[in-house]
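# Overview (structure and organization)
Now for the letters of each chain:
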Amino acid sequence: MKLIGRVIATEKNPTTIDTFYFWTKRDFILNPFDVVKVEHVDGSETFAVIEEISHITDAASFLTSYISSDFGDVNVTERTHRVGMNYVKANVVGNTKDIFIPAQNNAKVYLASKDEISYALGLDKINNPLICGYLEMYGGVKDHEKVTLPVPIDSNFLIGPEGAHLNISGISGLAAKTSYGMFLLKALQSKLVNNETDENVAFVVFNVKGQDLLALDLDNEFESDDEREQVEACYEMLGIEPKPFRQVHYLYPYSDKRSLNSYVQQELFEKQKKFGRAFQYKYDYQMDKEGLDLLFANIDDSHQTMDSILSEILREDSDFSRITTWNEFIQRLEELGTAGQTRGSRDITVGSWRKFTRLIKKTIQGNVIFSSPNEEEGETRIADKIAGIKRNDVFVVDVAKLNTDMQAFVFGNTIKELYDLCLGVKDFTENGDAPSKIIIFIDELNKFASSEVPKNSPILRQILDIAERGRSLGVILFGAEQFKSAIHQRVTGNCSTFAYGRTNSIEVARSDYRYIPAVYKSMMTRLKPGEYLIQNPIFRSVLNVKFPKPIYKQFK
């Protein structure tokens, strides 16, 4: 045990059951989030997490120091030797005998051992452990070994049943949000592969940027062998299999020579298709017309005009029930947009039909994705593939090159199918190995669940339903976005775990961060890629964790 200082209690800054201050040498290196140990009454020990570090001297004011330097001569050595020290504010997280009277003045303060850090943060008694990163402490302390400690989280508080849903926020490109989300999924799949858990989980991941997630089952090409060895050693230290994802299936939007709807390289796609891992999805009119409301997710339909038209289209005895293709569908819409052709449309005006037709044609007309799939050519419906999802499967749904309306449609359609499967409205085709939980990972969640999305949006309704009922149904949402404050409060309010990456000062000033200490908020603006602040009910304090680079292939 290394003695580093003593507790100080003054008239203006007394110790409390929650916080205390201690002094330490001015050149002694400590950092926020470091854990310290204090001798306490009845032979007990109190543990605390460092929040803020300050330096003070016996100078009465700034002017005193200025005068001592010969009235501001920067080349003069100060004639008066100033007595100075660092003083540290620490937040109490526990006591070995559950004694919570304030730390006593002049009590000795020590660095904690690895086991003591684990005990102090409550990491030693976590049930159903799932690694969410690792801690590093005391790296700058002389004559003391740096402590590296894997950080487990209770999976019951991440994917249910006690708590569920994860929200990851941070600046695009600097926070590595996708990499961290995929690291957690990799940690969970590794547990499943090694039979370390009884969970029956599958994963559905949306690729929303370039080729980011289009080679999850291929090895990463590191810049050097040394880097590869370091990354693999880090995964092994964390108890995670240092190999790419297994059981990966890719669902790409259908493309032809005129319309390239995906960023996937043709050579990679053909290789994946050859091994039965890649398919191109389409939407069939008769099977998928019920999801047409998803095309209007970002349209404010306060008068429910679109809803009325959709109800007419889906009515079993309407003219639309005899239609079999999207082209016939558009033709019928154009007819109803002609004056005098409103028969059977339940008093919907011609103008409303015309507006509806314009919106539909904008997305569907000429879009090769809206046509009947040919299974012999590797074409499929997302709903059909999702229905066959099995334990430990990873489905990657590529939407990166689609426009915003199509991304919303594909995302909404997919989560609707998943939700119906978990509700029992539809049946899994592989009943013997169907998952009891499905984790959905989506970046740029703000596109679908921001506070500015129209309240009548069908996609927003689905996301809210997942956030509020998904934990009990086995549908878990891992969402990522640049700014947490932009997400609908009912979504973030139902998340049990938050991961904060690097962000800006404007964001941390918002009310969403009011319960995070000011020093930690300031640190959020300086976090490095691969570094996150994690908040979860099972942790006694906000934790600053790191995670290794992805083990799967990265595209540059």
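In this text, all values refer to a predicted model and were calculated from it rather than measured experimentally.

So, how was this worked out
- By convention here, each chain's residues receive numbers from 1 onward along its written sequence.
- Reporting in this predicted model follows two pLDDT cut-offs: at least 70 for local features of residues, and 80 or more for side-chain atom pairs to be given and counted; totals over whole chains, interfaces and linings ignore these cut-offs and use all residues.
- Calculated side-chain values reflect all of the structure's heavy atoms, with hydrogen atoms and water omitted.
- Boundaries of every domain are those given by an automatic assignment or by a domain database.
- Here, two residues are considered to be in contact whenever any of their heavy atoms come within 4.5 Å of each other.
- When two parts are brought into contact, each loses some accessible area as probed by a 1.4 Å sphere; the total of that loss over both is the buried area.
- When a carboxyl oxygen of Asp or Glu lies within 4 Å of a side-chain nitrogen of Lys or Arg, that pair is called a salt bridge.
- Any pair of N or O atoms that falls within 3.5 Å is considered a polar contact. Within protein, one atom must be able to donate a hydrogen and the other to accept it, and sequence-neighbouring residues count only if both atoms are side-chain atoms.
- Runs of E in the DSSP output that reach at least two residues are strands. Runs of H or I that reach at least four are helices, and both are numbered from the N terminus.
- When residue character is reported, Ala, Val, Leu, Ile, Met, Phe, Trp, Tyr, Cys and Pro are called nonpolar, Asp, Glu, Lys and Arg charged, and the others, Gly included, polar.
- Burial status follows relative accessibility: with a 1.4 Å probe on protein chains alone, a residue under 20% of its type maximum counts as buried, one over 50% as exposed, and anything between as partly exposed.
- Following DSSP output, two strands are said to pair if at least two bridges run between them.
- Pairing of aromatic rings covers Phe, Tyr and the six-membered ring of Trp, with a centre-to-centre limit of 6.5 Å; geometry is then stacked below 30 degrees between planes, edge-to-face above 60, and tilted otherwise.
- Axis lines are fitted to C-alpha atoms, over the contacting stretch for helices. Their N-to-C directions set the angle, which ranges from 0 to 180 degrees.
- Each angle is binned into one of four classes, with values under 35 degrees roughly parallel, values over 145 roughly antiparallel, values of 65 to 115 roughly perpendicular, and all other values oblique.
- Any residue with an atom within 4 Å of a point lines the site, the site being either a cavity, points on a 1 Å grid over the protein atoms alone where a 1.4 Å probe fits but cannot get out, or a pocket, an open set with protein on both sides within 12 Å along at least 5 of 7 lines.
- Grid points are joined across faces, edges and corners, and a volume is the space filled by probe spheres set on the points.

Our focus in this paragraph is the domain arrangement of the chain. When the parts of a complex come together, some accessible area is lost, and that lost area is often used as the size of the interface. If you check the domain split of the chain, you get domain 1 (2-121), domain 2 (152-282 + 368-546) and domain 3 (289-364). Taking only C-alpha atoms into account, the centre of domain 1 sits 42 Å from that of domain 2. With eleven residues of domain 1 at the contact, the number on the domain 2 side is eleven residues. When the two sides are added together, the surface that domain 1 and domain 2 hide from each other amounts to roughly 930 Å², 68% of it contributed by carbon and sulfur. For the domain 1 face of the interface with domain 2, the top three residues by lost area are Phe33, Glu51 and Leu121, together amounting to 61%. Where domain 1 meets domain 2, there are zero salt bridges. Scanning the region where domain 1 abuts domain 2 turns up three residue pairs in polar contact (both at pLDDT 80 or more). Elements that contribute at least two residues to the side of domain 1 that touches domain 2 include exactly strand 4 (45-57), strand 5 (84-95) and helix 2 (114-120). For the side of domain 1 that touches domain 2, a count of residues per class yields eight nonpolar, one polar and two charged.

On to the environment of Asn86. Residue position: Asn86 is located in strand 5. Between the C-alpha atoms of Asn86 and Thr24, which are 62 residues apart in sequence, the distance is 5.4 Å. In this structure Asn86 touches Phe22, Trp23, Thr24, Lys25, Arg26, Phe28, Ser54 and His55, once residues within four positions along its chain are discounted. Polar side-chain contacts of Asn86 include one of 3.0 Å to the backbone oxygen of Arg26. For Asn86, the side chain forms a polar contact with the side chain of His55, separated by 2.9 Å.

Looking along a regular strand, one sees the side chains alternate between the two faces of the sheet. Taken across its eight residues, strand 8 (residues 147-154) has six buried, putting it largely inside the fold. Bridge count for strand 7 (residues 129-137) against strand 8 is eight bridges, and the pairing is antiparallel. Within strand 8, the residue paired with Ile131 across the bridge is Pro152.

We describe a pair of aromatic rings using the distance from one ring centre to the other and the angle between the two ring planes. Tallied over the entire structure, the rule returns 28 aromatic pairs. A centroid spacing of 5.7 Å and a plane angle of 35° characterise the contact between Phe183 and Phe547, whose relative ring orientation is tilted. Here the residue Phe183 occupies a position in helix 3 (residues 177-193), and Phe547 occupies one in the segment after strand 19 (543-546), the gap between them amounting to 364 residues. Taking the relative accessible area as the measure of exposure, Phe547 reaches 8% and is therefore buried.

Attention now goes to the sheet that holds strand 2 (residues 19-24). Judged by pairing direction, the barrel is antiparallel, and its six strands sit side by side in the order 1-2-5-4-3-6 before closing back on the first. Within this sheet the neighbouring strands show an average axis-to-axis angle of 45°, counted without direction. Where strand 1 (residues 3-8) meets strand 2, three bridges bridge the pair, whose relative direction is antiparallel. Opposite Val7, over in strand 2, you have Phe22 as the bridge partner.

Attention now goes to the packing of helix 7 (residues 305-314) against helix 9 (residues 350-364). Their axes nearest at 10 Å, the elements helix 7 and helix 9 cross at an angle of 85°. The orientation of helix 7 with respect to helix 9, classified from their angle, is roughly perpendicular. For the pair formed by helix 7 and helix 9, the contact residues are Thr305, Met306, Ile309, Leu310, Glu312 and Ile313 on the first element and Ser352, Trp353, Lys355, Phe356 and Leu359 on the second. Among the residues making up the contact of helix 7 with helix 9, the classes are represented as seven nonpolar, two polar and two charged.

Okay, the layout of surface pockets next. As a volume, the largest pocket reaches approximately 1100 Å³. Around the largest pocket, the lining is made up of 43 residues, and of these Ala176, Pro529, Gly530, Glu531 and Phe547 lie nearest the centre. Elements supplying a minimum of two residues to the lining of the largest pocket: strand 7, helix 3 and strand 19. Broken down by element, the lining of the largest pocket gets its largest block of residues, four residues, from strand 7. Classifying every residue of the lining of the largest pocket by side-chain character gives 18 nonpolar, ten polar and 15 charged. Viewed by domain, the lining of the largest pocket spans two of them, domain 1 (2-121) and domain 2 (152-282 + 368-546), each represented by three or more residues.

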